[in-house]
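Structure at a glance
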Amino acid sequence: MLQFLKYVFATLVGIFIFIFLSLVILAGIGSAFSYDEKVVVEDKSILKLDLNKPIQEVGVENPLSDLGGPFAGNENVTGLKDIIEALKSAQNDSKIKGIYLKTEGPQAGWATLEEIRNQLLEFKKSKKFVVTYGESYSEKGYYLASVADKIYLNPAGGIEWNGMSAEYSFFKGTFDKLEIKPEVFRVGEFKSAIEMFSRQDMSEASKKQSSELIGAIYGNFLTNISTSRKIPVDVLKRFADSLTIDNPQAALSNKLVTNLGYWDEFEGSIKKDLSIEEDNNIAYVGVDKYLKSDVTPEEGDFNNRIGILVAEGEINSGEGSDESIGSDDFVKELKKVRDNDKIKAIVIRINSPGGSALASDVMWREIQLTAKKKPVIASMSDVAASGGYYMAMGCDTIVAQPNTITGSIGIFGLIFNVKDFMNNKLGVTFDAVKTSPHADWPTTTRDMTDFEKSMIQKSVNEGYESFTKKAAAGRKMPVEKLKSLAQGRVWSGVEAKANGLVDVLGGVDDAIKIAAKAAKLKEGDYRVRYYPEKKRPIEDLIEKFVGGSEEKAMDKNLGELSSYVKMYKKLMNMGGMQTRMPFELVIR
């Protein structure tokens, strides 16, 4: 009887806990999904720009992140679109007196930072202040911080100021030990994406293009900081070469920061600027909440729109995701935008290192068809290389930031021969029957003949000829000249503009203006809409439960090793010919 009562009691406790948790979750969901409720911005508010989070073209919000536990597995992703919109509205909002910039280590590419930095400079024309505080600043963080009127650095912190580098990983030794033979097929001296499989170091061609690329980005970095901080470029360069900025005092004495101080001292200076009592709290408002307030009302004719179609991530056939561009999804969305009579011109916003050659060509074709019906402008973000450039070359005009990574016009094929690995390491052997000599070709479980290899190389060559021919037509230049710029080489936006691969240097706003002019729309007569339209929180929440947690768990459990696991997964997804930029190019 006692055992029975114990089970009954345990069951009742379980039911009670279940009901309690359900009520808590429902309350949280109700709160999270009341996002349409307007936020009231107080007088003397400060717009808080937290840029230490991941930044993508369009934000991804986890409406239940504040609940913690299983609901906090996906971090909110800040949208560049939202940051720019908030800055524009705050510039003319009398309740916003300034900006607090939190930018110790932004998780974004250099072109994204350029867009934000330019908008901050535009904001400063309002004569409102921009201030920043950091316990430390990465070079990316300082690039944004350098526009601030006051740059506070923690007295025990530091600034990364040692120049830029681009490091690659090479796996030939790993494959040799595993007895896996990568069969590589490529066109172009600079198509270095495959060197990670065939070499143990960078080729001279790869070193040349990488050095010139980061040199161009570094030059833009130094020039802009020099203008903001009024420090000559050669002096800034000398600081990096000699590691002069080795402590906070050195940063202060060399005018990279304006103040050394702790958080309370930083807030004290803001209160002084706002003329509020020391005991009162500062009214900070974040980007997401600010955009839910009564910000500047939207102007322009609802029936005249510029549609911005976002293409972000690696390119693959079929469906896409928040991290990839699926050709089926892209084509479907582009057709929808093309057939919408209210949309008078389209901006394709590209942030992609490339991927499947077939998928890239499918999307290029759809862009070409769209350009026959209405103006189509390409706006390049952090990277629009290889397959990303394939999309851009179908547009009427190409706009890129000075530090956009672009070009990489080339194609490669990759097949892994795992016969020796399976046989010698795992004891697995293969045998087969076939009706024709090459019925199992291409194959990973036997050595291919020279003839079979030549047939794959022939396909790669034909793909390259098609790529360069279409690029030359899009750029209106002779094929031979285009080929001299191709061979898989990557360029900065400045270099690409100089050699004719890009038409205009600028950001998405510049692309919108070009699109409006091409559609004969006057400023103020149109509205801007982003596509695909942002998911409502309930839709996004469902997707987060269905998938997306795997990568987060990988990052948490494997730390720095997770990048290698992700790379392995990418390798396994490389099917067919690839239009892809040098693998995992990270500039630090």
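This section reports on the structure supplied with the text. Numbering of residues starts from 1 in each chain and follows the order in which that chain's sequence is written. Confidence filtering applies because this is a predicted model: local features only for residues at pLDDT of at least 70, side-chain atom pairs given and counted only at 80 or more, and all residues used for totals across whole chains, interfaces and linings. The side-chain values count all of the structure's non-hydrogen atoms but skip hydrogen atoms and water molecules.

The next subject is the overall build of the protein. Of regular secondary structure, the protein possesses 22 helices and 22 strands. Burial analysis of the protein (588 residues in total) assigns 49% to the buried set. In the protein, 74% of the contacts between residues at least 6 apart in sequence involve partners at least 24 apart. Surface accessibility in these figures is a Shrake-Rupley result with a 1.4 Å probe; residues are shielded only by whichever protein chains are displayed. For the protein, the accessible area works out to roughly 28,500 Å², and carbon and sulfur atoms hold 54% of it. Secondary structure elements are taken from DSSP: a helix is a run of H or I of four residues or more, a strand is a run of E of two residues or more, and numbering for both begins at the N terminus. Working definition: with a 1.4 Å probe on protein chains only, accessible area under 20% of the residue-type maximum means buried, over 50% means exposed, and in between means partly exposed. Should any heavy atoms of two residues lie within 4.5 Å, those residues are considered in contact.

A few words now on the side chain of Ser-379. Among the secondary structure elements, Ser-379 is positioned in strand β15 (residues 376-385). Reaching out from Ser-379, the side chain makes a polar contact with the side chain of Arg-349 at a distance of 2.7 Å. Not counting residues within four places of it along the chain, the set of residues in contact with Ser-379 comprises Val-347, Ile-348, Arg-349, Ile-350, Val-399, Gly-507, Val-508 and Ala-511. Polar contact is the term for a pair of N or O atoms within 3.5 Å; when the atoms are in protein, one must be able to donate a hydrogen and the other to accept it, and sequence-neighboring residues count only if both atoms are side-chain atoms.

Most peptide bonds adopt trans geometry, and most residues besides glycine take a negative phi value. Between Trp-441 and the following residue, Pro-442, the backbone shows a cis peptide bond with an omega angle of -5 degrees. With respect to the helices, strands and loops of the structure, Pro-442 is situated in the loop between α15 (419-425) and α16 (450-475). A positive phi angle is found at Lys-255, which is not glycine, with a value near 70 degrees. Take Lys-255: it is sitting in the loop between α9 (248-253) and β8 (259-260). Phi at Ser-408 is positive, roughly 55 degrees, even though this residue is not glycine. By the secondary structure assignment, Ser-408 is in the loop between β17 (405-407) and β18 (411-417). Take Ser-408: its relative accessible area is 0%, and that puts it in the buried class.

Two distance rules govern patches: like charges are joined within 9 Å, and nonpolar side chains (Val, Leu, Ile, Met, Phe, Trp, Tyr) within 5 Å, applied only to residues with over 30% relative accessible area and no salt bridge. Salt bridges are defined as contacts in which a side-chain nitrogen from Lys or Arg sits within 4 Å of a carboxyl oxygen from Asp or Glu. On the surface, a cluster of nonpolar side chains totalling about 260 Å² of accessible area is made up of Leu-426, Val-428 and Phe-430. Inspection of the secondary structure assignment puts Val-428 in the loop between α15 and α16. Of the residues examined, Val-428 reaches a relative accessible area of 31% and is grouped as partly exposed.

Further remarks concern the packing of aromatic side chains. The relative placement of two aromatic rings is captured by the distance of their centres and the angle of their planes. Only rings of Phe, Tyr and Trp enter the pairing, Trp through its six-membered ring, and a pair is recorded when the two centres are within 6.5 Å. The plane angle decides the type: under 30 degrees is stacked, over 60 is edge-to-face, the rest tilted. One pass over the full model with this rule turns up 19 aromatic pairs. Centre to centre, the rings of Trp-364 and Tyr-390 are 6.5 Å apart; their planes meet at 80 degrees, and the pair counts as edge-to-face. Linking Trp-364 in helix α13 (residues 357-371) with Tyr-390 in helix α14 (residues 387-392), this pair joins segments that are 26 residues apart in sequence. Ring-pair connections join several aromatic residues into one group, and the members of that group are Trp-110, Tyr-137, Tyr-142, Tyr-143, Trp-161, Tyr-218 and Phe-221. Counting as a charge over the ring demands two things of the Lys NZ or Arg CZ atom: a distance within 6 Å of the ring centre and an angle within 35 degrees of the ring normal. Lying across the ring of Phe-302, Arg-305 places its NZ or CZ 4.2 Å from the centre.

Right, let's get into the pairing of strand β6 (residues 150-159). In this sheet, β6 lies alongside strand β5 (residues 129-137) in parallel orientation, the contact comprising six bridges. The residue of β6 that forms the bridge with Thr-132 is Ile-151. Seen with its strands pointing away from the viewer, a crossover is right-handed if its path from the first strand over the helix to the second goes clockwise. Handedness of the β5-helix α4 (residues 139-145)-β6 crossover: right-handed. What makes two strands pair is DSSP finding at least two bridges between them. The pairing of β6 with β8 spans two bridges and is classified as parallel. For Tyr-152, the partnering residue across the bridge sits in β8 and is Asn-259.

Moving on to the sheet that holds β5. If you trace the six strands from one edge of the open sheet to the other, you get β8-β6-β5-β4-β1-β9, paired in parallel fashion. Single-partner strands in this sheet number two, and they are β8 and β9 (283-286). With axes taken as lines fitted to C-alpha atoms, and helix axes fitted only over the stretch in contact, angles between N-to-C directions fall between 0 and 180 degrees. Running over the sheet, helix α10 (residues 263-274) touches β1 (45-50), β4 (96-102), β5, β6 and β9 and is turned about 180 degrees from β5.

Here we take up α10. With twelve residues, α10 extends 17 Å between its outermost C-alpha atoms, agreeing within 8% with the 16 Å of an ideal straight helix rising 1.5 Å per residue. Those residues of α10 that fall on the buried side of the exposure criterion are Phe-266, Glu-267, Ser-269, Ile-270, Lys-271 and Leu-274. Phi turns positive one or two residues past the end of α10, at Ser-275, with a value near 60 degrees. Multiplying one less than the number of residues by 1.5 Å gives the expected span of a helix.

Across the seven residues of β4, five count as buried, placing the element largely inside the fold. Pairing between β1 and β4: six bridges, direction parallel. Paired with Lys-48 across the bridge in β4 is Tyr-100. Relative to β5, β4 runs parallel, the two being bridged by four bridges. Bridge pairing in β5 links Ile-99 to Val-130. Of the crossover connections in this fold, the one passing from β4 over helix α3 (residues 110-123) to the parallel β5 is right-handed.

This brings us to α13. Here α13 is 15 residues long and its end C-alpha atoms lie 21 Å apart, about the 21 Å a rise of 1.5 Å per residue gives. When α13 is considered as a whole, its buried residues turn out to be Ala-357, Ala-359, Ser-360, Met-363, Trp-364, Glu-366, Ile-367 and Thr-370.

Turning our attention to the pattern of salt bridges. Scanning the entire structure with this criterion turns up 27 salt bridges. In this structure, Asp-509 engages Lys-88 in a salt bridge whose closest nitrogen and oxygen atoms are separated by 2.7 Å. Of this pair, Asp-509 sits in helix α19 (residues 508-518) while Lys-88 sits in helix α2 (residues 80-91), placing them 421 residues apart in sequence. Glu-333 is the salt-bridge partner of Lys-336, the closest N and O atoms lying 3.6 Å from each other. Here Lys-336 pairs with Glu-333, and both are found in helix α12 (residues 327-338), just three residues apart, close to one helical turn. With relative accessibility at 11%, the residue Glu-333 sits in the buried group. Here the salt bridges share partners, and the residues they tie into one network are Lys-434, Asp-440, Arg-446 and Glu-452.

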